[in-house]
Amino acid sequence: MALVVQKYGGSSVANAELIKNVALKVVESARAGNKVVAVVSALGDTTDDLITKARQLCDSPPDRETDALLATGEQMSSALLAIAICNLGEKAISLHGSQIGIKTDGVYTKAKITQIEGSRIKAALDEGNIVVIAGFQGVTDDEELTTLGRGGSDTTAVALAAELGADYCEIFTDVEGVFSADPRLEPKARLLPVVSYEEMLEMASSGAKVLQLRSVEYGRNYKVELHVRSSFSTNPGTIVKEESFSMEKAIVSAVTHNDSEAKVTIMGVPDKPGIAARVFGKLAENEINVDMILQNVSQSGHSDISFTINEEDIDKARQVMDSLVKELKAKGTDFDTEIARVTLVGAGMKSHPGIAAKMFEVLASNGINIEMISTSSIKVSCVIRKAQIGSAVRELHEAFGLEKNV
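Visitor: Please clarify how the overall build of the chain should be interpreted in this entry.
Guide: Scanning the chain from terminus to terminus reveals eleven helices and 20 strands. The C-alpha radius of gyration of the chain comes to 22 Å, within 12% of the 22 Å expected for a compact globule of 406 residues. In terms of principal-axis extent, the alpha carbons of the chain reach across some 75 × 50 × 35 Å. Across the 406 residues that make up the chain, the buried fraction comes to 52%. Taken as a whole, the chain presents about 18400 Å² of accessible surface, with 49% of it coming from carbon and sulfur. Computing the positive centroid from 42 side-chain charges and the negative centroid from 56, the chain places the two 1 Å apart.

Below you can see the structure in the form of structure tokens.
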């Protein structure tokens, strides 16, 4: 008997008929002899709707109350799915993050899991239940309700799979799996049957939205095999697992993009030791994640520092930058929300030089200017204008031969 953790996203449980469809999938797995734990996101656009309601009352709702509000979305969907499963003649119980002991740190809206107590889930499974878990949430040691950030139900599912020793974790979504590019931008994108943890980490961090970054980190750290599949078909989808010698190492596996970033520049800061540490230390204190960083050549003892952040953090970043400008006696700041990032990812880059040069040539030949660059052993990322992201993805996808076989 296998132990399987399944996660269903919001689009998979958006209405009553879809919840019934998910219930059938869960029951089918259980009747095949598996012990099943199902993790669910909030129904459809519930999270966005709740945020809108909060902002109708307050421009900047308190983070604590925001988490208390948003957690209700998953609590509702988990109860509804359990009801649908029971209607099919199987035993089911829904449980919230607090009920199963998902402990988190105290960072509201972006909490990280610190501990999971899996005994209640194991007991419920031993009693013959299908266990339905409200994803995206946990509690601190002080019993404060927290949420795990966008896509946090992915992390809930993979963390539970690790804690319970599940045979694998299925991530059901509204796409067939992981593709060589976003099919909405590049219709010729092909499905990737197998992806290594390393490649998936780079893809998730550079804009591929099929899996939350932290869920992939959990999978890699605890060797949880992930199956990314569509809840609307029976196709096998994509397996994300540890790289093996038998896996084909494509030079470039995918082109990813992210158009939800902003570039922040603090201008005219003193060019002396410790300035960068003060800038990025202050951002870290305010839970603002920074990605790409560029410091210009010093002129007259001053320089500009540019960096990219998630666009959702821009209001918080403005407050931090205002205080830093005064503290450092800088000349000012600039916030650019019309940028996007395009990235090439592939394990084969480690042993194939010239990928970056070819990428730059393709972008240049299509009149696309590069504003920032970052690299790792298996990725090359470029910041460009947001209006050109579609063209960049399609041209790079074709230039590196990633089209699906027709």
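Still more ground to cover, so stick around.
Visitor: Help me understand the packing of helix H10 (residues 355–365) against helix H11 (residues 389–399) in this model?
Guide: Geometry of a packed helix pair, given as the angle between the helix axes and the separation of the axes. Relative orientation of the contacting elements H10 and H11 amounts to 130°, with a least axis distance of 10 Å. Considering the angle they form, H10 stands oblique to H11. Between H10 and H11 the crossing geometry is right-handed. Contacts from Lys-358, Met-359, Val-362 and Leu-363 of H10 reach H11 at Ala-392, Glu-395, Leu-396 and Ala-399. Classifying every residue of the contact of H10 with H11 by side-chain character gives six nonpolar, no polar and two charged.

Visitor: It is not clear to me how the packing of aromatic side chains should be interpreted in this structure. Could you clarify?
Guide: For any two aromatic rings, the description comes down to two numbers: the centre-to-centre distance and the angle of the planes. Taken as a whole and judged by the stated rule, the model has three aromatic pairs. Measuring from centroid to centroid gives 5.4 Å for Phe-280 and Phe-307, while their planes differ by 75°, and the two rings are edge-to-face. With Phe-280 in helix H8 (residues 275–285) and Phe-307 in strand E16 (residues 302–310), this residue pair connects regions lying 27 residues apart in the sequence. Phe-280 gets classed as buried once you look at its relative accessible area, which sits at 19%. Taking relative accessible area as the criterion, Phe-307 reaches 0% and is therefore assigned buried. Positioned above the aromatic ring of Phe-400 is the side chain of Lys-358, whose terminal nitrogen or guanidinium carbon lies 4.6 Å from the ring centre.

Visitor: What is the right way to look at the nonpolar core in this model?
Guide: Nonpolar side chains in soluble globular proteins generally cluster together in the buried interior. Val-37, Ile-121, Ile-133, Cys-169, Met-200, Met-203 and Leu-211 are the most contacted members of the largest nonpolar core, which has 43 residues in total. Among the elements that line this core, the one with the most residues is helix H5 (residues 152–164), at six residues. Contact partners of Ile-121, with chain neighbours within four places excluded, come to Val-37, Ile-100, Val-131, Ile-133, Leu-160 and Leu-164.

Visitor: Help me understand the environment of Asn-369, please; the structure alone is not making it clear to me.
Guide: Secondary-structure assignment places Asn-369 in the loop between H10 and strand E19 (372–376). For the pair Asn-369 and Gly-354, spaced 15 residues apart in sequence, the C-alpha to C-alpha distance is 19 Å. Residues within four places of Asn-369 in sequence aside, it is in contact with Val-383, Ile-384 and Gln-388.

Visitor: Would you mind going over the sheet that holds strand E2 (residues 35–40) with me for this structure?
Guide: Sheet strands line up and pair through hydrogen bonds in the backbone, either parallel or antiparallel. What the eight strands build is an open sheet, ordered E3-E6-E2-E1-E9-E11-E12-E10; its pairing is mixed. Two strands lie at the open edges of the sheet, namely strand E3 (92–95) and strand E10 (194–196), each paired on one side alone. Going across the sheet, the axis of each strand differs from the next one's by a mean of 20°, ignoring polarity. Relative to strand E6 (residues 130–134), E2 is paired through four bridges, and the arrangement is parallel. Residue pairing in the sheet places Val-37 in a bridge with Val-131 of E6. Contacting E2, E3 and E6, helix H3 (residues 63–87) runs over the sheet at an angle of about 160° to E6.

Visitor: Can you walk me through the pattern of salt bridges in this structure?
Guide: Two side chains that carry opposite charge are able to pair once their charged atoms sit near each other. Counted by the stated rule, this structure contains 20 salt bridges. For Arg-184, the salt bridge identified is with Asp-182, shortest N-O distance 2.9 Å. We classify Arg-184 as exposed; its relative accessible area is 72%. Owing to a relative accessible area of 16%, Asp-182 belongs among the buried residues under this scheme. Taking the shortest distance from any N to any O, the salt bridge between Arg-385 and Asp-336 comes out at 2.5 Å. Linking Arg-385 in strand E20 (residues 379–385) with Asp-336 in strand E17 (residues 332–336), this pair joins segments that are 49 residues apart in sequence. Taken together, the shared-partner salt bridges connect Lys-263, Asp-336, Glu-371 and Arg-385 into one network.

About the criteria used
- Positions within a chain are numbered from 1, following the residues in the order the chain's sequence is written.
- pLDDT decides what is reported in this predicted model: residues at 70 or higher carry local features, side-chain atom pairs at 80 or more are listed and counted, and totals for whole chains, interfaces and linings draw on all residues regardless.
- Note that the side-chain values use all heavy atoms of the structure and ignore hydrogens as well as water.
- Under the scheme used here, helices are H or I runs from DSSP no shorter than 4 residues and strands are E runs no shorter than 2 residues, and both carry numbers assigned from the N terminus.
- Note on method: radius of gyration uses C-alpha positions; expected globular size equals 2.2 Å times residues raised to 0.38.
- The rule is simple: take the accessible area with a 1.4 Å probe, protein chains only, and divide by the maximum for that residue type; under 20% is buried, over 50% is exposed, in between is partly exposed.
- Each accessible area value is a Shrake-Rupley result obtained with a 1.4 Å probe; residue values ignore everything except the protein chains displayed when judging cover.
- A positive count includes Lys and Arg, and a negative count includes Asp and Glu. His and the chain ends are not counted in either.
- A charge is said to be at NZ when it belongs to Lys, at CZ for Arg, at CG for Asp and at CD for Glu.
- Angles run from 0 to 180 degrees between N-to-C directions of axes, and those axes are lines fitted to C-alpha atoms, restricted for helices to the stretch in contact.
- In this scheme, roughly parallel covers angles under 35 degrees and roughly antiparallel covers those over 145, while 65 to 115 is roughly perpendicular and the rest are oblique.
- Crossing handedness follows the turn of the near helix against the far one: under a right angle anticlockwise gives a left-handed crossing, and clockwise gives a right-handed one.
- By the convention used here, residues are in contact when the closest approach between their heavy atoms is within 4.5 Å.
- Basically, the charged four are Asp, Glu, Lys and Arg, the nonpolar ten are Ala, Val, Leu, Ile, Met, Phe, Trp, Tyr, Cys and Pro, and anything else, Gly included, counts as polar.
- In summary, the pairing rule links any two rings of Phe, Tyr or Trp, Trp by its six-membered ring, whose centres are within 6.5 Å, and it sorts them by plane angle into stacked for under 30 degrees, edge-to-face for over 60 and tilted for everything else.
- Only when the NZ of Lys or the CZ of Arg is both within 6 Å of the ring centre and within 35 degrees of the ring normal is a charge said to sit over the ring.
- To form a nonpolar core, buried Ala, Val, Leu, Ile, Met, Phe, Trp, Tyr and Cys residues must be joined to one another through side-chain atoms within 4.5 Å.
- Two strands are counted as paired when DSSP detects at least two bridges linking them.
- We count a salt bridge whenever a side-chain nitrogen from Lys or Arg sits within 4 Å of a carboxyl oxygen from Asp or Glu.

Just distances and angles here, no functional claims.
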